[in-house]
Amino acid sequence: MKAPLTWLAEYVKIDDLDIESLAKVMTMVGLEVEEIRLVGLAMPSGEKHEFKYTGLSWPVDKFVVAQIDKVMPHPNADRLVLCRVNDGEQEFTVLTGAPNLFEYKGSGPLQPPLKVAYAREGAVLYDGHQPGRKLMTLKKMKIRNVESSSMICSEKELGISDEHEGVIILDEDAPTGMPLADYMGDAVFDVDTLPNMMRSASIWGMAREIAASLGRPLKAPETHVEMRGPSIEGRAAVEIQDPTLNPRFVLGLIEGVTLKPSPYQVRRRLNLAGMRPINNLVDATNYAMLELGNPLHAFDYDFLLNRAGGDAPTMITRRALPGETLTTLDGVTHQLNPEVELVTDTAGALSLAGVMGGEESEVNPDTVNVLVEGASWNFINIRKTISKLKINSEAAYRFSRGVHPALAKMGVQLALRYMLAWGGGQVAQGLVDNYPNPPDDPVVELSADWVNRNLGTEISAQEIADVLTRLDFTCKVDGDKITAHTPPHRLDIGQGLIGRADVLEEISRIYGYDKIPSRRLEQPLPPQIVDPGLVMQETLRDLLVNLGLQELVAYRMTSPEREARRYPAGYAIPTVEYIEIQNPITVERRVMRRSILATMLEILEYNSHLDRRLAFFEIGPIFLPVAGQELPYEKQMLSIGLTGARDLPYWAENDSVSMDFYDLKGIIDGLLAGLHVQEIAYRVAEHPSLHPGKTAEIMVAGNAIGIMGELHPLVKTNYELNEAPVYLAEIDLARLLEVAHSLFDVEAVPAYPPVLEDLAVVVDETVTAAEVEAVLWRGGGEALKKVQLFDIYHGQQVDPGKKSLAFSLTYLAPDRTLTDKEVHKLRQRIITLLDKELGAVLRS
Amino acid sequence: MTRKVKELENLAQIQQDALRALADVVDIEALEAWRVTHLGRSSAVMAVFSSMGGMDKELRPLMGKEANEVRQALEAALEEKRQALEAVALKQALETEKLDITLPGRPVARGRLHPLTQVLRHINQIFSDMGFQVFPSPEVETDDYNFTYLNMPPYHPARDMWDTFYTKKEGILLRTHTSPGQIHLMRARAPEPIRAILPGATMRYEQLSTRSEIEFVQVEVLVIGKQVSFAEMKGTLDDFARCLFGDDARTRLRPSHFPFTEPSAELDVGCFVCDGVGCPVCKETGWLEILGCGMVHPVVLEYGGYDPAIYSGFAAGMGVDRSTLMRYRIDDIRHFRNNDVRFLRQF
Ligand SMILES: [Zn+2]
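The rules behind these values
Residues numbered from 1 in each chain as written. Chains lettered and ligands numbered in written order. Predicted model: local features only at pLDDT ≥ 70, side-chain atom pairs only at ≥ 80, totals over all residues. Heavy atoms only, no water. Helix = DSSP H or I, 4+ residues; strand = E, 2+ residues; numbered from the N terminus. Rg over C-alpha atoms; globule rule 2.2 N^0.38 Å. Buried < 20%, exposed > 50% of the residue type's maximum accessible area, 1.4 Å probe, protein only. Contact = heavy atoms within 4.5 Å. Lys, Arg positive; Asp, Glu negative; His and termini not counted. Charge placed at Lys NZ, Arg CZ, Asp CG, Glu CD. Domains from an automatic or database assignment. Buried area = accessible area lost by both parts, 1.4 Å probe. Salt bridge = Lys/Arg side-chain N within 4 Å of Asp/Glu carboxyl O. Pairing = 2+ DSSP bridges. Donors = N, O, S within 2.8 Å, 3.2 Å for Na, K, Ca; no water. Tetrahedral: all angles 85-135°; square planar, octahedral: opposite > 155°, others 65-115°. Patch = residues over 30% accessible without salt bridge, like charges linked within 9 Å, V, L, I, M, F, W, Y side chains within 5 Å. Areas by Shrake-Rupley, 256 points an atom, 1.4 Å probe, with all protein chains shown as cover. Axes fitted to C-alpha atoms, helices over the stretch in contact; angles between N-to-C directions. Parallel < 35°, antiparallel > 145°, perpendicular 65-115°, else oblique. Nonpolar A, V, L, I, M, F, W, Y, C, P; charged D, E, K, R; others polar. Expected span 1.5 Å × (residues − 1). Phe/Tyr/Trp six-rings, centres within 6.5 Å; stacked < 30°, edge-to-face > 60°. Core = buried A, V, L, I, M, F, W, Y, C linked by side-chain atoms within 4.5 Å. Disulfide = S-S within 2.5 Å.

Chemist: I'm lost on the overall build of chain A in this one. Help?
Modeler: Each helix and strand in chain A was counted, giving 22 helices and 42 strands. At 41 Å, chain A has a C-alpha radius of gyration far larger than the 28 Å of a compact globule built from 844 residues. Overall size of chain A, expressed as C-alpha extent along the three principal axes, is 130 × 80 × 60 Å. Put simply, chain A has 844 residues, and 53% of those count as buried. Of the contacts formed within chain A by residues at least 6 apart in sequence, a portion of 68% connects residues at least 24 apart. Taking the average place of the 83 positive charges on the side chains of chain A and the average place of its 118 negative ones, the gap between the two points comes to 2 Å.

As C-alpha cells, this is what we get:
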C-alpha cells in the first residue's frame, strides 16, 4: 500500500522524524518500505540512505502557491491564455495553454482568485509534454512574442499524477505566497504489506504500528457525523441469509448531496495512494477505505427505490443462483454460481459482495441521494470468488485477506461524514446495522517465563503487558501470568497455542528484534545421521571434475517434443506418462523431464559453436510417474556429454583430433576406479539414441548401471551440432552408489622387482580385446599383476580378417624374485590357452 | 744405465707430445679422439706398459712407476680439459637456448563445478561445521506438504506469497520452497532433536527475467529441540552470515511473515559491495536480504510430530541463486541454467 506522509501524520505524531528515520521505524516494525516517492518534500540530509528514493522535490524558493487574478485572451493565439498571477511577492503575466482556465477567459477580475501551483524560473520539474517522467528546467523563452519564464503547473509537472489536461486548481484556502512544499509537499511510502498484517493496509492501521513502535498515542479517526435528516428507519432494510459469509452489514443514508469534484487535497491524496479521484461521493468511500481499511460501497438510493416499486429497498445478501449473471462496473458480465456471495435487492443482483459493484446501481451524474454500504465478508469465500471470476479490486484485495467487522460501522460513518463535508445535504438519522456474527476476539494467556524461554530474553510480565497495550490489546497481569484480549480490529490472532505464538510475534516485534540477545545453540548435538548417498554424490562430483568435465545445473521442466528429439526420425516413440504442469509458463516447459540425455543434448547444442571442446556432466533427477503412487519416482541420474577436440587449442599443435568412444570410456573407467567399483564389464548394447555399433552397457557384477556410446547419426541431425561425433553416457546414480566402495583394500608396495614381458597375439577380427585379456589373466594366474594393451595392428604382416594385439604383461611375486624359468612356464601356459580358446597364435 | 735413461727420456717425450696435442683440442669429439690416441690401448704410454716384460728386472719397478705417473698426469690433464670444454659448451648453450617465456602454456582441460554447486557447498560447509547434517527431500510434492502442513490450509491468504506450478494431478505440485522437507525430516526424526539443512531445487511460477527464474536452488535450515530460542536463532544465523560474508559482516533481523514460522524475520546483511552506502546490488538500501527465518509455528511442529507445548525450534530458508548473484555481481539469473560455457568457465 502507498501511504502519504501527511496522511499518516494525522494519526500519530511524527513531525520530529525525518523521512528516512520514519521509513526505518516502519521497516523494523514489519511495514517494509520498498520505495519512497518524494512529491514535493526535500530529500532527507545525510549521505547514507537505506531506501530507494524517487520523485521530485519542490525547493521553497522555486515553487509557491500563487493566485490568478485575471485570465485574458492571447492577442494572436486561440489556444493560449494570459494569466495575471500574484505569487505573494510580485505580479506577472503568465502564458498558459491549460484548457481548464479557458472558462475564465475575459471574465474580468476573478473573485475569489484561483489558487494555483506556481513554478519560478530555474525550477526543475517534469516535462508535461513528454511521455513518462523527464526532468526539465524552466528557462526564459518567448512564445508568440510573449516572454515567459515561469509556469502554472499541472499534476504531471509536479509528479503528483500523470494528469496533464489542465493546471492544478488548489482549494480556495491555499495561502498565496506559501512555499508549495510547505502547503502540500509530501512523501509516499510504498509499503509491502505482509499477509498477516492486513490490518495495516490502511493509513490508520499503519499509524497504529508506528505509534506502537515509538510508544506514542494513536489518534482515533473522527467518525462523528451530524445526522439531521429524517431517520433511516423504515427507509432501508437488510437481510443476511448466511451470517458465516456475511457477519455484518451496515447502511447509512445521505440525501440532497451535490455531486462534484472533491477538494483538491483529497484528490491529491487519493492520487498519491494510487487511486484515481472520480467525484466527491465515490472519493468519500475510497478515502474512508484507505483511511480505515474497510471497503465501502455507494448506491444511488433513488435507483434502489425505483427497483422496489417505490417501497423501501431491502438489501439481501445471499449466494448467487445457478445461471445468475451480473455486469460489474468495469463492464464485464459474470456468469455466477452458488459459491459467489451477492448483495441484491428484491429485484435482483446489485454487486459482487466485497469485490465490485454492479454497473446499474452506481452513483451517477444525477445522483442526489446515496445509500452507503459497509459490510464484512468471509475472506475464504471472497478468495474463491476472485480466483473463479478472475477479477480484482482494492476492495477484494482487503476482503480476501480478512477485515474485522468492527470496522464496517466506522467506515459508513466516516464516508457519510466526508460526503456531507464535500457535497452538502443531510445525513439520515441512525444506521441500519445487522450484525449477526461478531467474531470471537481471542483471549490469550501466557506467562513471562514462557515468553522469555522462547525469545531468550528477560522481560517482566508488566513490560510484556505494556508492549501489547501499545497495540491496543487489553491486558491483565497476575504475577507471572498475562491475559491479553485481542483488540477488535484484527483477525490474525488465533486461539490457544497458536494464539500464544501469534502474541509472541507481536511482543518480539514491538519490543524490537534488535533488543533480543544473540546466542549460540545450547542444545547438545542431536544424533548424527549421515546420508551415505549424499556423501558419495559429492565424491562423484569431485571425481568428474578431476576427469576434466564441467558440471551443469539444468531445468527440470521441458516438453515431450523436446525430449522426442533424442529419437531418430521414424522411430516408434513409446508413449510414456509425464508429470504434466497445469499452468506452465510456456508450452516449451510444460512437463517434468524423463530423460537426462535430452537435457544434455540441448546444452551441447547450445554450446556447439562456443567452444571446440565440450565435456559436461550433470547430476539430477528425472521424474517417473508410478502407478498407484501419489508422487513420482525422482530417479537421480548422471549424464556425461563429450564432443569436439580432445585437446585444448595450443600453438605448438595445430591439428587436434576429435574425442572418440574411448575418451568417454576412459572417463567412465576413471570414474569407476575412483569409486573403487569392482567387477566392471562393458557389454555390446542397443539404445535408440546411440550408434548401433558404438554402444555399450556399463556392467557391474553382472548388472547394467548405465549406457554409453556415440550419438546416433540420425539423432545428430535433429540437433544443430558440429561435425565432430558426440559421445553420451547415462548412469543410474542409485545403482552406481550401491556398487561404490568408500572402504577398500590397499595392497602392499612390492618388495621384489617385477618381470615385464611383451606378448603379441594374432586373432580373428571378431575376437574382442576383453576376450583376449580374460585368457591372459587366467593363464597368468596369481603372478600376473597387470595387463596393458599397447598396440593393435591390421595390415600386411597379418592375414586378412585377422588382427594383432600387443600386450605388456607384468609378473610379480610378493615373496621372491621370479625366475626366468617360472615366467617362461607362465608364458607357455598363456600361449596354450590362447590357442585352445581363441585360436590365437603368437605374432613372430 | 744408458738404456734406462733412454727409456725415461722416451716417457718424457710421450708426455710432452700428448700434452702438446691436448692443447690443440677444442671440442668434446676431438678430446675423445685424443683420449683414444694418447691413453687408449694402442697409445704410446700403454705400449710402455706392455713392453715392460722385456725389461731388466731391476729396471721394471722404476719404469712402472714412471709410466704410471705419466699416465696419471695425462688422465688428469684430460679431465681438466674435459671440464674446461664442458664449461665452455654449457656457457654457450645457456647463451643461445633462450625461450620466449611469454608463449602460452600447454593448456590442461580442467573440469569445474557449476557456480551454484560451489556456493551451495560453501553454505553446506559452514552449517556442517556447526553440527548440521544434510537431508534430501522430493521436488514434486503434495499440496499438503507444501502448504497445509506448513500452516497454510486451502485458500489461506499466505499462499499468495508463492506463485505455484500445479501438476495436472489433483493435489500434486512442484514445491515452491524447501520447507516441505521440514515435515519429512521431523516425521523421520521425532521426537529426537534436529539440527539439519535441506538443500534442493524449487520451482515458482514467474515470468523469466534477469532477476527471476522458474527454477532455483534453496537451502532450508531446521533446528528442533526442547527450549530452542529466538536468541539462539539469531546467534546461529549471525555466525553463518559472518562465515559466509566475512568477520566484519553487519546483520539485522527485520520483522517479516511466513505462515510456518512465528515470529518471522528476514536476515539482512550489510551490503559488501558498497559497504552500506548504497549501490545497485543492494537497490540503494545498503542492506542485502539473504534469508527468511523464524521460530517454527506450533501447527507445523504438530504436523511434524512434535508436541509444541514441549518442543520449539527455528527454521530458515535462503536462495542459493540469489546469494551467488550477489556474490559475483552477476547481471542475469538465467545464466545459471543456460549453461553457456563462456559463463561457466569463469568459475
Ligand atoms: Zn550496496
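Having seen the structure, we can now continue with the description.
Chemist: Would you mind showing me how to read the domain arrangement of chain B here?
Modeler: For interface size, the figure often reported is the accessible area lost on association. Considered domain by domain, chain B is made up of domain 1 (2–96) and domain 2 (115–344). A straight line from the C-alpha centre of domain 1 of chain B to that of domain 2 of chain B covers 89 Å.

Chemist: Teacher, can you tell me more about the interface of chain B and chain A here?
Modeler: Taken together, the 103 residues of chain B in the interface contact 94 residues of chain A. Each partner contributes to the roughly 8,500 Å² buried at the junction of chain B and chain A, and carbon and sulfur atoms together form 57% of this total. The largest contributions to the chain B side of the interface with chain A come from Tyr 155, Arg 195 and Pro 255 of chain B, which together make up 8% of the buried area. Between the two partners, chain B and chain A, sit eight salt bridges. The residue Glu 538 of chain A makes a salt bridge to Arg 121 of chain B at a minimum N-O spacing of 2.8 Å.

Chemist: Is there a simple way to explain the pairing of strand β15 (residues 237–240) of chain A in this structure?
Modeler: The two faces of the sheet receive side chains in turn, since in a regular strand these alternate between them. All names here are of chain A. Alternating positions in β15 separate cleanly, Val 238 and Ile 240 being buried on one face and Ala 237 and Glu 239 remaining unburied on the opposite face. In this sheet, strand β18 (residues 314–319) lies alongside β15 in parallel orientation, the contact comprising four bridges. Bridged to Ile 240 within β18 is Thr 317.

Chemist: What is the right way to look at the coordination of the zinc ion in this model?
Modeler: A four-donor tetrahedral metal ideally has 109.5 degree angles, and a six-donor octahedral metal ideally has angles of 90 or 180 degrees. Residues and elements named next belong to chain B. Protein coordination at the zinc ion comes from Cys 271 (SG), Cys 274 (SG), Cys 279 (SG) and Cys 282 (SG), with a distance range of 2.2 to 2.3 Å. One way to put it: the four donor atoms around the zinc ion meet at angles of 103 to 114 degrees, and that makes the site tetrahedral. In the primary sequence, the donor residues of the zinc ion line up as C-x2-C-x4-C-x2-C. A residue is classified by how much of its surface remains accessible, and Cys 282, at 4% relative accessible area, is buried.

Chemist: I'm lost on the side chain of Asp 502 of chain A in this one. Help?
Modeler: Structurally, Asp 502 of chain A is set in helix α14 (residues 496–511). Of the side chains bearing the opposite charge, Arg 490 of chain A lies closest to the buried Asp 502 of chain A, which forms no salt bridge; the N-O distance is 7.8 Å. Non-local contacts of Asp 502 of chain A, meaning those with residues more than four positions away in its chain, are made with Asp 492, Ile 493 and Gly 494 of chain A together with Glu 262 and His 297 of chain B.

Chemist: Would you explain a positive patch on the surface in this entry?
Modeler: Together, Lys 52 of chain A together with Arg 211, Lys 283 and Arg 322 of chain B give the surface a local cluster of positive charge. Judged by relative accessible area, which is 40%, Arg 322 of chain B ranks as partly exposed.

Chemist: Hey, could you run me through the sheet that holds strand β35 (residues 680–684) of chain A in this one?
Modeler: Where strands meet in a sheet, backbone hydrogen bonds hold them as pairs that are either parallel or antiparallel. Residues and elements named next belong to chain A. Across the sheet, seven strands lie side by side as β30-β33-β34-β38-β37-β36-β35; this open sheet has mixed pairing. Edge positions in the sheet fall to β30 (550–552) and β35, since each of these pairs with one other strand and no more. Along the sheet, successive strands turn relative to each other by an average axial angle of 25 degrees, direction set aside. Across seven bridges, strand β36 (residues 690–700) lies against strand β37 (residues 703–711) in antiparallel orientation. Within the sheet, the bridge partner assigned to Glu 697 lies in β37 and is Ile 707.

Chemist: Whenever I open this one, the sheet that holds strand β40 (residues 784–793) of chain A confuses me. Can you help?
Modeler: Residues and elements named next belong to chain A. Taken together, the four strands give an open sheet; going across it, the order is β40-β41-β39-β42, and neighbouring strands pair in antiparallel fashion. If you trace the sheet from one side to the other, it starts and ends with β40 and β42 (841–842), each paired once. Across two bridges, the pairing between strand β39 (residues 755–764) and β42 is antiparallel. From the neighbouring strand, Val 762 faces β42, where its bridge partner is Val 841. Across the sheet, helix α22 (residues 820–838) touches β39, β41 (802–811) and β42, and the angle it forms with β39 is around 15 degrees.

Chemist: Can you help me understand the packing of helix α12 (residues 448–455) of chain A against α14 of chain A in this one?
Modeler: Residue and element names in this part refer to chain A. Relative orientation of the contacting elements α12 and α14 amounts to 70 degrees, with a least axis distance of 11 Å. Classified by the interaxial angle, the pair formed by α12 and α14 is roughly perpendicular. Where α12 abuts α14, its residues Trp 450, Val 451, Asn 454 and Leu 455 lie against Arg 500, Ala 501, Leu 504, Ile 507 and Ser 508. Its residues placed into classes, the contact of α12 with α14 shows six nonpolar, two polar and one charged.

Chemist: Explain the pattern of salt bridges to me, please; I cannot follow it from the model alone.
Modeler: Where charged atoms from two side chains of opposite charge approach closely, those side chains can pair. Scanning the model with the defined rule gives 67 salt bridges over all chains in all. Taking the shortest distance from any N to any O, the salt bridge between Arg 398 of chain A and Glu 394 of chain A comes out at 2.7 Å. Of this pair, Arg 398 of chain A and Glu 394 of chain A both sit in helix α10 (residues 394–399), four residues apart, which is roughly one turn of that helix. Arg 20 of chain B is the partner of Asp 17 of chain B in a salt bridge, and the nearest nitrogen-oxygen pair spans 3.6 Å. With Asp 17 of chain B and Arg 20 of chain B both in helix α1 (residues 2–24) and three residues apart, the pair spans about one turn of that helix. The exposure class of Asp 17 of chain B is partly exposed, given its relative accessible area of 35%.

Chemist: What should I look at first to understand helix α5 (residues 203–214) of chain A in this one?
Modeler: Think of an α-helix as turning once every 3.6 residues; residues three or four places apart then point the same way. Under the 1.5 Å per step criterion, the end-to-end length of α5 of chain A is 16 Å for twelve residues, consistent within 8% with the ideal 16 Å. Just downstream of α5 of chain A lies Gly 215 of chain A, where phi reads positive at about 70 degrees.

Chemist: Is there a simple way to explain the pairing of strand β4 (residues 63–74) of chain A in this structure?
Modeler: All names here are of chain A. In terms of residue burial, β4 counts as a mostly covered element, since nine of its twelve residues are buried. Where β4 lies against strand β7 (residues 114–119), six bridges are found, and the strand directions are antiparallel. When the bridges of β7 are listed, Phe 63 appears paired with Ala 119.

Chemist: Can you walk me through the packing of aromatic side chains in this structure?
Modeler: Applying the stated criterion across every chain, the model contains 23 aromatic pairs over all chains. Look at Phe 245 of chain B and Phe 272 of chain B: their rings are 5.3 Å apart centre to centre, the planes differ by 20 degrees, and that puts the pair in the stacked class. Placement of the pair is Phe 245 of chain B in helix α8 (residues 230–245) and Phe 272 of chain B in the loop between β7 (261–270) and β8 (287–296), with a sequence separation of 27 residues. Residue Phe 272 of chain B is classed as partly exposed on the basis of its relative accessible area, which comes to 34%. An aromatic cluster is built from Trp 7, Tyr 287, Tyr 418 and Trp 422 of chain A, whose rings are joined through pairwise contacts.

Chemist: When you look at unusual backbone geometry in this model, what are you seeing that I'm missing?
Modeler: Excluding glycine, residues mostly have negative phi values, and the peptide bonds linking residues are mostly trans. Residues and elements named next belong to chain B. At the junction of Ala 190 and Pro 191, the peptide bond is cis and its omega measures out at 0 degrees in the coordinates. Locating Pro 191 in the fold gives a position in the loop between α7 (180–189) and β4 (194–203). Here the amide bond leading from Glu 262 into Pro 263 is cis, since omega sits at 0 degrees, within 30 degrees of zero. By the element assignment, Pro 263 lies in strand β7.

Chemist: For this particular structure, what's the right way to read the nonpolar core?
Modeler: Note on soluble globular proteins: their nonpolar side chains tend to be buried together. All names here are of chain A. Counting residues in hydrophobic clusters, the biggest one holds 192 residues, and the most contacted among them are Met 26, Ile 36, Phe 189 and Leu 371. Per-element tally for this core: the top contributor is helix α11 (residues 406–423), with nine residues. Sequence-distant contacts of Leu 371, defined by excluding residues within four places in its chain, comprise Ile 232, Ala 236, Leu 251, Gly 252, Leu 253, His 297, Ala 298, Phe 299, Tyr 301, Leu 304 and Met 315. Val 545, Leu 664, Ile 668 and Leu 675 belong to the second largest nonpolar core, which has 35 residues in total.

Chemist: I would appreciate a short explanation of the side chain of Glu 373 of chain A in the present structure.
Modeler: Within the secondary structure, Glu 373 of chain A sits in strand β24 (residues 370–376). Put simply, Glu 373 of chain A is tucked away with no salt bridge, and the nearest opposite charge, on Arg 248 of chain A, sits 12 Å away.

Chemist: Sorry if this is basic, but what is going on with helix α10 (residues 320–328) of chain B here?
Modeler: Every buried residue of α10 of chain B is listed here: Val 320, Asp 321, Ser 323, Thr 324, Leu 325 and Met 326 of chain B. Those residues of α10 of chain B that are buried lie in contact with α5 (115–129), β5 (215–226), β8, β9 (311–319) and α11 (335–338) of chain B.

Chemist: What is the right way to look at the state of the cysteines in this model?
Modeler: As used in these notes, a disulfide is a covalent bond between sulfur atoms, one from each of two cysteines. All names here are of chain B. A complete count under the given rule lists zero disulfides over all chains for this structure. Left without a disulfide partner, Cys 243 is nearest to the cysteine sulfur of Cys 293, which lies 16 Å away. The exposure class assigned to Cys 243 is partly exposed, which follows from its relative accessible area of 46%.

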